[in-house]
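Residue-level structural notes
Now for the letters of each chain:
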Amino acid sequence: MKQALFAENNKCVLCPHNCIISEGKRGICGVRINKEDNIYALVYGRPCSIAIDPIEKKPLYHFFPGKSILSFGTVGCNFRCKGCQNWEIATAKPEKTDKVSYPPKKIVETAKEKGCDMIAYTYTEPTVFYEYMIDTAKIAKKQGMKNVIVSNGYINEKPLRELCKVIDAANIDLKFFNNEKYMKYSSGKLEPILKSLKILKEEGVWLEITNLLIPGLSDDLKEFEEMCKWIKENLGEDVPLHISRFFPHFKLGNVSPTPIETMEKAKVIAKKYLRYVYLGNVPYESNTICPKCNNLLIKRDGYNILNNLEKGCCVCKEKIPGSW
Ligand code: SF4
């Protein structure tokens, strides 16, 4: 347990929920508690999952492709998504992991022992383990390592700007381009997420976006097109977009997987606005193609990568955005 960094007496101001927490109670995320008018992070140093993943699994496709990244997360989340893929850990109580002790220094040491020079804050929502994340990221950065967040983007401006000082790349889940749907299916709001995307871009963090197409919920292609347009106008056409195929989970167990046809249609729409569009959870390759000459730049066969880039450029000299 550690005292929270962004709190004002009984109010947690880490994320846009801005929970006012009574004595002995917890915020919406379930992992931040009020004790004598101080807010404490219950999951500090208490991961529920640690693993080595390919960076493509985050997914990040323009950030050191083919590399392995030490990934970890704690229990808790500030969203309650009805189709959550990790709901067992997202909704679990911190008591579930309170016997595990894995301080930030040990995370960094483990990464190095396993030959990883990158750390991902992921699996659940890293904002809710902010203190643990930022302490780990500071140590990692000092040692020349890279830090990556995989997040829902639901964080207030001040903590996000502070975090950007030590974060190198982010994949942000933009679930809906509709506030009502955000409130109904994720218990959050759209506007703060759009703001976070702009801040990440402004602060020079490498940014990729994931959008999950859920049949009947987020597969309205008109809304999808508005989202792509917004990304181009506000973040630029070089931000990679991962369109992810939905499979039934949690409270959306009765919803069918996204038809491949819908995925393909969405890709055609997205390509009108964005230069790098990828399909995720589909049974075929999602390669990086040069937007200028159509040359195959990065071939992805599962997590096997064939990188044909020469110092980040295509043979036609087109510079491909990202870190190679
Ligand atoms: S991080 Fe948790 S406690 Fe803090 S405002 Fe968000 S949901 Fe509430």
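The notes below deal with the structure included here. (Residues numbered from 1 in each chain as written. Predicted model: local features only at pLDDT ≥ 70, side-chain atom pairs only at ≥ 80, totals over all residues. Heavy atoms only, no water.)

1. Here we look at the nonpolar core
- Membership of the largest hydrophobic core comes to 87 residues, with the highest contact counts inside it found for Phe224, Leu241 and Ile243.
- With near-sequence residues (within four places) excluded, Ile243 lies in contact with Asn211, Leu213, Phe224, Met263, Ala266, Lys267, Ala270, Val277, Tyr278, Leu279 and Gly280. (Core = buried A, V, L, I, M, F, W, Y, C linked by side-chain atoms within 4.5 Å. Buried < 20%, exposed > 50% of the residue type's maximum accessible area, 1.4 Å probe, protein only. Contact = heavy atoms within 4.5 Å.)

2. Remarks on unusual backbone geometry
- Residues Lys58 and Pro59 are joined by a peptide bond in cis, for which omega reads -5°.
- Of note, the phi angle at Asn281 is positive, near 65°, even though the residue is not glycine.
- Among the secondary structure elements, Asn281 is positioned in the loop between β13 (277-280) and β14 (288-289).
- With a phi angle near 70°, Asn294 is a residue other than glycine that sits in the positive phi range.
- You can see Asn294 is positioned in the loop between β14 and β15 (296-301). (Helix = DSSP H or I, 4+ residues; strand = E, 2+ residues; numbered from the N terminus.)

3. Observations concerning a positive patch on the surface
- A contiguous patch of positive charge on the surface is contributed by Arg80, Lys82, Lys184 and Lys251.
- Here Lys251 falls in the exposed class, since its relative accessible area comes to 60%. (Patch = residues over 30% accessible without salt bridge, like charges linked within 9 Å, V, L, I, M, F, W, Y side chains within 5 Å. Areas by Shrake-Rupley, 256 points an atom, 1.4 Å probe, with all protein chains shown as cover. Salt bridge = Lys/Arg side-chain N within 4 Å of Asp/Glu carboxyl O. Lys, Arg positive; Asp, Glu negative; His and termini not counted. Charge placed at Lys NZ, Arg CZ, Asp CG, Glu CD.)

4. A short note on the pairing of strand β5 (residues 38-41)
- Sheet analysis places strand β1 (residues 2-3) next to β5, joined by two bridges and oriented antiparallel. What sits directly across from Gln3, in β5, is Tyr40.
- Pairing geometry for strand β4 (residues 32-35) and β5, over four bridges, is antiparallel. The residue bridging Lys35 from the neighbouring strand is Asn38, located in β5.
- Hairpin connection between β4 and β5: a loop of two residues separates the two successive antiparallel strands, and Glu36 in this loop has a positive phi of roughly 50°. (Pairing = 2+ DSSP bridges.)

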